[in-house]
Amino acid sequence: IKRIAVLTSGGDSPGMNAAIRAVVRTGIYYGLEVYGIMRGYQGLLEEDLFKMESRSVANIIQRGGTILKSARCKEFYTPEGRKKGYEVLKKNEIDGLVVIGGDGSFKGALNLSKEYDIPCIGLAGTIDKDIAGTDFTIGFDTAVNTAIDAIDKIRDTADAHDRLFIIEVMGRDAGYIALHSGIATGAENILIPERKTDAEAIITSLQEKERRKKLVNIIVVAEGDEYGGIELYRLIKERLPNLDTRLCTLGHIQRGGSPTGLDRLIASRMGYHAVECLLEGRYNVFVGILNNRMNYVPLEQVAKRKGRIAEEWMKVVETLSA
Ligand code: F6P
């Protein structure tokens, strides 16, 4: 392996820059040439790539977003698209590819590596933490802390006005952001897609709280929950019209911002190991961290971390909000 390339794909996540930096600096340290591909697979198909130097990644470890930009590329889902991608890689003599993104991006890498002789390494960059085989994904910790900061602020105003706030956080298929930010802010309810939402039980408990004048309540709802913020808001407005209820959707604020120390650390560690994998011939895996050890999961086995939120967590939620 002499020349490798790195790209970021799918939804951006804070810490992607730290991961790019680690890949570039490790590659250069080992005497490789490192290319940056702009806008994920889209940029690959358009041959939008450039040689990176150590200084190309100076002063980015603390920055959110991704200097390589990101995209979701439909064409890469097709064999023709991947053929085009492979040809660009070959033409530029790239013999290893590091893909920073979520499970969708890993699928693209897997298909490419199956169809052509191009080793691919994945780095889990997603705020959702919805990938099995790793305790951390790059950006999750930052997103949770951003949500915590916002929910704390909302609680101040909820408290001042005796209001019920429904706060929707991101997580298309996974409830980890809701679970972690909800526990850390003492939310009265946390609704996640991994658990069936018992709306009637929530209404009953709110009625009971209303009777004993506990009017300040925070419900954190994951975007992917069967109700989601809007539906739950409508239901509560209809069934409990006397409650002063507000809905706040945090949205993309959770994807931006300076990465936390933890995200910078895991991104640096994973980026370093991605290059080591290429050098050691450990191909077509994604680099995870499990129980504080590197865990190399074959791209073939990439699975959505879904429906697996431990009962223990839910017990904590129920006990502490009782
Ligand atoms: O996968 C990360 C994520 O932020 C999800 O939580 C969310 O559903 C989705 O991306 C939003 O995507 P977009 O930025 O394309 O609207």
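*Asks:* Would you explain the site of the ligand in this entry?
*Replies:* As a structural note, the neighbourhood of the ligand is formed by Arg72, Ile127, Asp128, Met170, Gly171, Arg172, Glu223, His252 and Arg255. Arginine 72 places a polar side-chain atom, nitrogen or oxygen, 2.5 Å from an oxygen atom of the ligand. Within the side chain of aspartate 128, one N or O atom sits 2.8 Å away from an oxygen atom of the ligand. In isolation the ligand offers 400 Å² of accessible surface; the protein chains occlude 77% of this area.

*Asks:* Hey, could you run me through the sheet that holds strand β10 (residues 285-290) in this one?
*Replies:* What the seven strands build is an open sheet, ordered β3-β2-β1-β4-β5-β10-β11; its pairing is mixed. For this open sheet the edge positions go to β3 (49-52) and β11 (293-298), each flanked by a neighbour on one side alone. When the angles between neighbouring strand axes are averaged without regard to direction, this sheet yields 30 degrees. Where strand β1 (residues 3-8) meets strand β4 (residues 97-101), four bridges bridge the pair, whose relative direction is parallel. The residue of β4 that forms the bridge with leucine 7 is valine 99. Against the sheet, helix α1 (residues 16-29) makes contact with β1, β2 (33-37), β3, β4 and β5 (120-124), and its axis sits at roughly 165 degrees relative to β4, the strand it touches most.

*Asks:* Teacher, can you tell me more about unusual backbone geometry here?
*Replies:* Where the residue is not glycine, phi is negative for most of them; where a peptide bond is considered, it is trans in most cases. Positive phi, normally seen in glycine, also occurs at glutamate 47, with a value near 55 degrees. When you line up the elements, glutamate 47 lands in the loop between α2 (40-45) and β3. At lysine 69, a position not held by glycine, the phi torsion is positive, near 60 degrees. You can see lysine 69 is positioned in the loop between β3 and α3 (79-91).

Criteria and thresholds
- Sequence order as written defines the numbering, with residues in each chain counted from 1.
- Predicted model: local features are reported for residues with pLDDT of at least 70 only, side-chain atom pairs are reported and counted for 80 or more only, and whole-chain, interface and lining totals are derived from all residues.
- Side-chain calculation: all heavy atoms of the structure are included, whereas hydrogens and water are not.
- One heavy atom within 4 Å of a molecule or strand is enough for the residue carrying it to be called near that molecule or strand.
- For this analysis, a polar contact is any N or O atom pair within 3.5 Å, provided that within protein one partner can donate a hydrogen and the other can accept it, and provided that sequence-adjacent residues contribute only side-chain to side-chain pairs.
- Note on areas: these come from Shrake-Rupley sampling with a 1.4 Å probe, and a residue is covered only by the protein chains present in the view.
- Two strands pair if DSSP finds at least two bridges between them.
- Going along the chain from the N terminus, every DSSP run of H or I of four or more residues is numbered as a helix, and every run of E of two or more is numbered as a strand.
- Under this scheme, a helix contributes an axis fitted over its contacting stretch, all axes are lines through C-alpha atoms, and angles between N-to-C directions fall in the 0 to 180 degree range.
- Residue contacts are defined here by distance: any two heavy atoms, one from each residue, within 4.5 Å place the two residues in contact.

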